Amino acid sequence: MRRSSAGQDAPGHRVILPPAGIAATPWVFASPHSGDLRPDDMRPAPRLGRRSLRSAEDALVDRLIGDAAGRGAAVLLGEVSRTYVDLNRAPDELDPLLGDTPVVGGVSPRAAAGYGIVPRLTGDGRPVYARRLDPGETEARVARFHTPYHAALTGLMQAARTRHGRAILVDWHSMPPPRGQNRPRVVIGDRHGEACPPGLSGRLKTLFEAQGWETALNDPYAGGWSTQVWGRPAEGWLAVQIELDRSLYLDPASLGPGPGYDDSRARIARVIAALLDGPAI
């Protein structure tokens with residue numbers, strides 16, 4: 001696969017373009033939370049372990065979707081840890097309890113819960129810091145990682161729409177194993193029909209269910225910030241979010257491939273092939 005042209009890669013993300021001889025499609029695949037890079041200036045709480053620091057990350061999702069470039073999708077992979085800065089949050093989703101930046105205009109529910117653009121809590125609910133952030137730390141992280149990531153995403157989406165008259169973002173994530181009966185293994189979020197035509201989310205649901213995975217729409221994940229920003233079908237921008245049950249493929253102890261990894265990767269590859277090779281949405 002080709003890496004991106006000069007200027008698209010930056011610390012904290014990687015772009016994979018279709019190889020020579022493979023026609024580019026309107027599809028852009030992104031995984032903003034699959035990275036594990038934590039720069040030295042993070043300085044988390046001293047006793048916070050590796051598993052807690054990585055508990056909010058979408059480990060291995062980049063590997064599950066990376067081959068999509070071979071079928072014509074542009075692929076954008078986040079490489080910085082979500083615990084350091086969240087690439088799927090708005091730049092102004094600030095948490096006043098971190099103490100680094102004055103919050104103007106209210107606090108979003110996610111930031112108030114501890115999961116703003118710089119998370120206050122790990123995925124398993126532990127405080128990330130035993131300190132208040134110094135002034136400007138959030139701004140520096142946004143400038144170094146968040147802004148370049150979204151500049152790259154904007155470039156890929158604009159290039160796709162210029163070529164094809166529309167661009168289709170599929171934002172890939174993972175989720176903890178759902179509880180209770182009739183647990184969905186996959187949740188597709190289209191912001192309750194606002195981010196893409198029902199044909200796209202319905203088609204994805206059908207494709208995943210054909211692989212034997214129970215699939216839900218918008219419950220409990222309707223789509224994050226990237227889906228909100230790019231889900232404007234009337235303007236030629238389509239977006240959908242996919243959440244995968246990480247117990248299907250992840251070893252929770254090592255955060256490496258679990259017993260179901262190869263099977264899950266094969267099923268996801270079949271979904272991607274059918275999606276990208278199938279009729280236009």
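Parameters at a glance
- Residues numbered from 1 in each chain as written.
- Predicted model: local features only at pLDDT ≥ 70, side-chain atom pairs only at ≥ 80, totals over all residues.
- Heavy atoms only, no water.
- Helix = DSSP H or I, 4+ residues; strand = E, 2+ residues; numbered from the N terminus.
- Expected span 1.5 Å × (residues − 1).
- Contact = heavy atoms within 4.5 Å.
- Bend = angle between axes of the 7 residues up to and from the residue.
- Buried < 20%, exposed > 50% of the residue type's maximum accessible area, 1.4 Å probe, protein only.
- Pairing = 2+ DSSP bridges.

Caption draft 1: Inspection of helix 5 (residues 198-210) at higher detail. With 13 residues, helix 5 extends 18 Å from end C-alpha to end C-alpha; this agrees with the ideal 18 Å at 1.5 Å per step. Considering only its buried residues, helix 5 is in contact with strand 3 (27-31), strand 5 (167-175), strand 6 (186-189), strand 7 (215-217), strand 8 (237-245) and helix 7 (261-277). Note on helix 5: the residue one or two positions beyond its end, Gly 212, has a positive phi of about 90°.

Caption draft 2: Just helix 4 (residues 137-164), in detail. Between its terminal C-alpha atoms helix 4 stretches 40 Å, which fits the 40 Å expected from 28 residues at 1.5 Å a residue. The largest bend along helix 4 measures about 40° and falls at Ala 143. Looking one or two places after helix 4, you find Gly 165, whose phi comes out positive at around 85°.

Caption draft 3: Layout of the environment of Asp 86. Mapped onto the elements, Asp 86 comes out in the loop between strand 4 (74-78) and helix 3 (109-112). Taking the C-alpha atoms as reference points, Asp 86 and Glu 57, 29 residues apart in sequence, are found 9.7 Å from one another. For Asp 86, the contacting residues outside a window of four places in its chain are His 33, Gly 116, Ile 117 and His 146.

Caption draft 4: Structural view of the pairing of strand 8. Taken across its nine residues, strand 8 has nine buried, putting it largely inside the fold. Alternating positions in strand 8 separate into two faces, Trp 237, Ala 239, Gln 241, Glu 243 and Asp 245 on one and Leu 238, Val 240, Ile 242 and Leu 244 on the other, with burial throughout. The sheet contact formed by strand 5 and strand 8 spans nine bridges and is parallel. For Ala 167, the partnering residue across the bridge sits in strand 8 and is Trp 237. Relative to strand 8, strand 6 is paired through four bridges, and the arrangement is antiparallel. Residue pairing across strands places Gly 189 opposite Gln 241, the latter belonging to strand 8.

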